[in-house]
Protein chains: 2
Amino acid sequence: MRRVFVNGYGVIGRRVADAIARQTDMELIGIGKTKADYKARLAAVKGYRIYVPSEKEAQAFSSLGIEVAGLTADAVRASDVTIDATPDGVGAKNLSLYRELGKPAIFQGGEEADVGEVSFVAECNYDQARGRRYVRVVSCNTTGLCRVINALVKGIGLGSARVVIARRAADPEEVSKGPINAIVLDPVEVPSHHADDVRTVIKGFDIVTMAMKVPNTQVHIHSFIGRVSGQSITRDQVIEALASSRRILLLESKVGFKSTASLIELAREAGRPRGDLYEVVVWRDSISVSGNEVMFFMGVHQEAIVVPENVDAVRALVTDVPYRESASRTDASLGIPLKL
Amino acid sequence: MRRVFVNGYGVIGRRVADAIARQTDMELIGIGKTKADYKARLAAVKGYRIYVPSEKEAQAFSSLGIEVAGLTADAVRASDVTIDATPDGVGAKNLSLYRELGKPAIFQGGEEADVGEVSFVAECNYDQARGRRYVRVVSCNTTGLCRVINALVKGIGLGSARVVIARRAADPEEVSKGPINAIVLDPVEVPSHHADDVRTVIKGFDIVTMAMKVPNTQVHIHSFIGRVSGQSITRDQVIEALASSRRILLLESKVGFKSTASLIELAREAGRPRGDLYEVVVWRDSISVSGNEVMFFMGVHQEAIVVPENVDAVRALVTDVPYRESASRTDASLGIPLKL
């Protein structure tokens, strides 16, 4: 039984905490939170122990009647590993605390790659993370890209990818972010950071990415243009490569999947907590092959896709559980693959 | 054990079917569906029996590998009551079928009021619906208004209401509806239909409503301006009246509730299926009283608010269960009130 502390209770932290609580080989010792709000109350209702950075925050929580179990440092000390899901840049600052207390930690993709010894996507490089002290789970878009590229490199010998990413501009609860009526080139310069980030996991891969923000809060859409080196490929080979890889969901428009909205509706109807899609979605009927070129649409639920990676990262760092076993346990606990 | 058929599996029907399946005194005998899509597949995964209008649809379902249990008429015949959640206007056409087979039915607010003998909001007029054959559960906005007005008439002697409704323009999955960048006066003429619809439940009440559509898919916002006749009132009396009535949730901005987005986030975090809010929400800190006038903001989750009414309507029509007992059973099965 490994004791896990989830430091940070935002979009990712809340989901990761729930996922850790579902693992039979892990114990969620608590969550770290800075702001006393309704999410803290709901965490308390769930029975999660709440830790705060200092006595100052403890008072704010108390004034709202929310019990505080202790300080962040206490929780890190009491845990075998901390999953740091604090806002971008805060994780790097927390690294010194984890080091000081001699505890391993898992960071998120909002941090620079050098915060960890390995940038992590479970299906790609679980073994490289085994026994390490500090690992970074890459961002949602990079996770989706790495799962798909890894499947296609292994399955059809993919040699390069050019990807256009239409990003959701804000998360559903981020009401002060825009745009509401524009497409923002983000950034104008090519490539966007995603290409470099993919290479932190799949070393040396030939990828260029272009990204824009669109007025949408749910799901990023990637338009994927790939090439294999040399020989031609068939559509069936592409489908087979994707279908035989983990955490990739192939969906078809003929049964109603035509937009980001339908992906979230699927997750809601399937009873997934919060309407979450842990899988990267590839539209099966968008897959188009010509000679050595393959093109398709894929979707990434930004709130949820990294949840299974965080769970697997715990096992990679502080257990002897090999990859297939870890992934099977994680997926069974989260209802992956989605039954449809 | 009352046998219930839910005819129609759209936004409302899917939720009502799940709610019926949770009642210990009801049996969901199946759902009626016309289109073979992923929602039909998920219904089959849940073990729901699927009924279709004719052999034509049955073939479409079979071609997607979805088993059909029979025709709609078979299901109506086999049930004690049908909940008709078909699209607006289709319910009225189905009435002749229910009549012909001698079976009671519950319709939705998209139908004209004369489809039923009673327009129904549980907390307002459960007893008027008892033993009837045909009842109409009113629309989401009317349900929210009736719950609040009923509480305030009983609690503080509310005499009139002027309400401005900022409607969500489309449901999350309705990707072909707009607007995406306009506020649509809907209709330009005053009053909107909601005022008359409230009076189908609370007879003769002095209410005028104005409605507009805004680019949003989740939650309607009502700006409520009410008056009591004669004497002045206090803010505490208003809060007490609302807090002591069923299915009204008072929330405060200081713990993070400032927008429609936060209401849905609350439901997701609380683990509600699909992120559903069955309660009408009133912002406690918006409640403002001056003399005999009271003003506040309220929110209506259009996808979910009528779910408890449909369950109670079943008991009103085909059981001897009195109101408080029915409402308690319904609320317990749906996790109302939300624990916060």
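Starting afresh in each chain, residues are numbered from 1 along the sequence in its written order. Chain letters and ligand numbers both follow the written order, the letters beginning at A and the numbers at 1. In view of the model being predicted, local features appear only for residues whose pLDDT reaches at least 70, and side-chain atom pairs are presented and counted only at 80 or more, with totals across whole chains, interfaces and linings using the full set of residues. Excluded from the side-chain calculation are hydrogens and water; included are all heavy atoms of the structure.

S.K.: Help me understand the sheet that holds strand E6 (residues 105-107) of chain B, please; the structure alone is not making it clear to me.
M.R.: One key point about sheets: their strands pair by backbone hydrogen bonds, in either a parallel or an antiparallel sense. Residue and element names in this part refer to chain B. Only strands that DSSP links by at least two bridges are regarded as paired with each other. Secondary structure is summarised from DSSP: a helix means a run of H or I of at least four residues, a strand means a run of E of at least two, and numbering begins at the N terminus for each. Spatially, E4-E3-E2-E1-E5-E6-E8-E7 is the arrangement adopted by the 8 strands of the open sheet, whose pairing is parallel. The open sheet has two free edges, formed respectively by strand E4 (70-71) and strand E7 (118-120), since each of these has just one partner strand. One ladder, built from 4 bridges, connects strand E1 (residues 2-7) with strand E5 (residues 81-84); its direction is parallel. Bridging across to E5, Phe 5 finds its partner in Thr 82.

S.K.: Whenever I open this one, a nonpolar patch on the surface confuses me. Can you help?
M.R.: Residues and elements named next belong to chain A. Each patch is built from salt-bridge-free residues with over 30% relative accessible area, joining like charges within 9 Å and nonpolar side chains (Val, Leu, Ile, Met, Phe, Trp, Tyr) within 5 Å. Here the Shrake-Rupley method, with its probe set to 1.4 Å, supplies the accessible areas, and only the displayed protein chains count as covering residues. By definition, a salt bridge exists where a carboxyl oxygen of Asp or Glu is found within 4 Å of a side-chain nitrogen of Lys or Arg. Where nonpolar side chains cluster on the molecular surface, the patch consists of Ile 183, Leu 185 and Val 188 and spans about 320 Å² of accessible area. Tracing the backbone shows Leu 185 in strand E10 (residues 184-185). Relative accessibility decides the category of a residue: with a 1.4 Å probe and only protein chains considered, values under 20% of the type maximum give buried, values over 50% give exposed, and everything between is partly exposed. Judged by its relative accessible area of 52%, Leu 185 is exposed.

S.K.: I would appreciate a short explanation of the sheet that holds strand E3 (residues 50-52) of chain A in the present structure.
M.R.: Spatially, E4-E3-E2-E1-E5-E6-E8-E7 (chain A) is the arrangement adopted by the 8 strands of the open sheet, whose pairing is parallel. The two strands at the open ends of the sheet, each matched to only one other strand, are strand E4 (70-71) and strand E7 (118-120) of chain A.

S.K.: It is not clear to me how the pattern of salt bridges should be interpreted in this structure. Could you clarify?
M.R.: Pairing between side chains becomes possible if they bear opposite charge and their charged atoms approach one another. Enumeration according to the criterion identifies 68 salt bridges over all chains in this entry. As a salt-bridge pair, A:Asp127 and A:Arg130 come within 3.7 Å of each other at their nearest N and O atoms. Overall, A:Asp127 belongs to the exposed group, its relative accessible area being 53%. Residue A:Arg130 is classed as partly exposed on the basis of its relative accessible area, which comes to 31%. In this structure, B:Arg329 and B:Asp25 form a salt bridge, with 2.6 Å as the shortest nitrogen-oxygen distance. Here B:Arg329 is found in helix H12 (residues 323-334), whereas its partner B:Asp25 is found in the loop between helix H1 (11-21) and strand E2 (26-32), with 304 residues between them in sequence. A single network of salt bridges, built from pairs that share partners, joins A:Arg14, A:Arg15, A:Asp18, A:Lys39, A:Lys46, A:Glu173, A:Arg274, A:Asp276, A:Glu303, B:Glu265, B:Arg268 and B:Glu269.

S.K.: Looking at this structure, how should I read the relation of the copies chain B and chain A?
M.R.: Superposition of the two copies of the chain requires a rotation about an axis together with a shift along that axis. Alignment of copies: least-squares fit on C-alpha atoms of residues with pLDDT of at least 70 in both copies. The transformation that overlays chain B on chain A combines an axial shift of 0.0 Å with a rotation of 180°, and the residual RMSD is 0.0 Å. The superposition of one copy onto the other is thereby described by a two-fold rotation axis. An overlap of 100% is found between the interface residues of chain B and their copies at the interface of chain A, pointing to a shared contact surface. Only heavy atoms enter the contact rule, under which two residues are in contact if any of them lie within 4.5 Å.

S.K.: So what exactly am I meant to see when it comes to the interface of chain B and chain A here?
M.R.: Often, the extent of an interface is quoted as the loss of accessible area upon association of its parts. The partner chain A presents 32 residues to the 32 residues of chain B that form the contact. Across the interface of chain B and chain A, roughly 3000 Å² is buried in total on both sides, 58% from carbon and sulfur atoms. Contact with chain A buries area across many residues of chain B, yet B:Tyr38, B:Arg268 and B:Glu269 alone supply 27% of it, more than any other trio. The tally of links between chain B and chain A comes to 10 salt bridges. A salt bridge links A:Arg274 to B:Glu269, with the shortest nitrogen-to-oxygen separation between them at 2.6 Å. Polar contacts, as counted here, are pairs of nitrogen or oxygen atoms within 3.5 Å of one another; within protein the pair requires one atom able to donate a hydrogen and one able to accept it, and residues that are adjacent in sequence qualify only if both atoms are side-chain atoms. Taken together, the links from chain B to chain A amount to 12 residue pairs in polar contact (both at pLDDT 80 or more). For the side of chain B that touches chain A, the secondary structure elements donating two or more residues are H1, helix H2 (38-45) and helix H10 (260-269) of chain B. A per-element tally of the side of chain B that touches chain A places H10(B) first, with 6 residues. For the side of chain B that touches chain A, the per-class residue count stands at 12 nonpolar, 5 polar and 15 charged. The term buried area denotes the loss of accessible surface (1.4 Å probe radius) that occurs when two parts are joined, taken as the sum for both partners. Charged residues are taken to be Asp, Glu, Lys and Arg, nonpolar residues to be Ala, Val, Leu, Ile, Met, Phe, Trp, Tyr, Cys and Pro, and polar residues to be all remaining types, Gly included.

S.K.: Explain H12(B) to me, please; I cannot follow it from the model alone.
M.R.: All names here are of chain B. Helix length check: H12, at 12 residues, gives a terminal C-alpha distance of 16 Å against a target of 16 Å (1.5 Å per residue), a fit within 8%. Tyr 323, Ser 326, Ala 327, Thr 330, Asp 331, Ser 333 and Leu 334 are the residues of H12 that are buried. Viewed along the axis of H12, the buried residues span an arc of 160°, placing them on a single side of the element. In H12, the exposed positions angled more than 90 degrees off the buried face are occupied by Arg 324 and Ala 332. By definition here, a helix of n residues has an expected span of 1.5 Å times n minus one. Throughout, the arc means that of the directions going from the helix axis to the C-beta atoms.

S.K.: Looking at this structure, how should I read the confidence of the model for chain A?
M.R.: In low-pLDDT segments, the atomic positions of the prediction should not be examined closely. Scored by pLDDT, chain A comes out at a mean of 97, with 100% of its residues at no less than 70. For this predicted complex, the interface score ipTM comes out at 0.88, while the overall pTM is 0.93. A score between 0 and 100, pLDDT records how confident the predictor is in each residue.

S.K.: Sorry, what's going on with the packing of aromatic side chains here?
M.R.: The geometry of two aromatic rings is summed up by the distance between their centres and the angle between their planes. Residue and element names in this part refer to chain A. Planes of paired rings set the category: under 30 degrees apart is stacked, over 60 is edge-to-face and the rest tilted, where pairs are Phe, Tyr or Trp rings (Trp by its six-membered ring) whose centres lie within 6.5 Å. Under the defined criterion, the tally for this structure stands at 13 aromatic pairs over all chains. Summarising the aromatic geometry, the rings of Tyr 126 and Tyr 323 are spaced 5.2 Å apart at their centres and angled 45° between planes, so their arrangement reads as tilted. Here Tyr 126 is found in helix H6 (residues 122-129), whereas its partner Tyr 323 is found in helix H12 (residues 323-334), with 197 residues between them in sequence. Pair check on accessibility: Tyr 126 and Tyr 323 agree, each one buried. Aromatic pair Phe 224 and Phe 296: ring centres 4.6 Å apart, planes at 10°, arrangement stacked. Placement of the pair is Phe 224 in strand E12 (residues 220-228) and Phe 296 in strand E16 (residues 293-300), with a sequence separation of 72 residues. One exposure class covers both Phe 224 and Phe 296, and it is buried. Put simply, the rings of Phe 120, Tyr 126 and Tyr 323 pair up and form one aromatic cluster.

S.K.: Any chance you could explain unusual backbone geometry here in plain terms?
M.R.: Generally, phi is negative for residues other than glycine and the peptide bonds are trans, each holding for most cases. With an omega of 5°, the peptide bond running from B:Gly178 to B:Pro179 counts as cis. Inspection of the secondary structure assignment puts B:Pro179 in the loop between strand E9 (158-168) and strand E10 (184-185). The linkage connecting B:Val190 with the following residue, B:Pro191, adopts the cis geometry, with an omega of 0°. Summarising the element assignment, B:Pro191 is placed in the loop between E10 and helix H8 (193-199). Positioned with a positive phi, A:Arg247 is a non-glycine residue whose angle comes to about 65°. Inspection of the secondary structure assignment puts A:Arg247 in the loop between helix H9 (235-243) and strand E13 (248-251).

S.K.: What am I meant to see in the side chain of A:Ser79 here?
M.R.: All names here are of chain A. Note that Ser 79 resides in the loop between helix H4 (72-78) and strand E5 (81-84). Look at Ser 79 and you get buried, because its relative accessible area is 0%. Here the side chain of Ser 79 touches Val 76 through a polar contact of 2.8 Å, landing on its backbone oxygen. Beyond its immediate sequence surroundings of up to four residues, Ser 79 is in contact with Arg 3, Val 4, Phe 5, Ile 29 and Lys 103.

S.K.: Would you mind showing me how to read the packing of H6(A) against helix H11 (residues 307-318) of chain A here?
M.R.: Axes are the key here: two packed helices are described by the angle between their axes and the distance separating the axes. Residue and element names in this part refer to chain A. Only the stretch in contact is used when a helix axis is fitted, and all axes are lines through C-alpha atoms; the angle between N-to-C directions ranges over 0 to 180 degrees. Running from N to C, H6 and H11 cross one another at 20°; their axes reach a closest spacing of 9 Å. If you check the angle between H6 and H11, you find them roughly parallel. Once H6 is placed against H11, the crossing between them reads as right-handed. Along its contact with H6, which presents Ala 122, Glu 123, Tyr 126 and Ala 129, the element H11 presents Glu 309, Asp 312, Arg 315, Ala 316 and Leu 317. Looking at the contact of H6 with H11, its residues break down into 5 nonpolar, no polar and 4 charged. By the definition adopted for this analysis, an angle is roughly parallel if under 35 degrees, roughly antiparallel if over 145, roughly perpendicular if from 65 to 115, and oblique otherwise. Whether a crossing is left-handed or right-handed is set by the direction in which the near helix is turned from the far one by less than a right angle, anticlockwise for left-handed and clockwise for right-handed.

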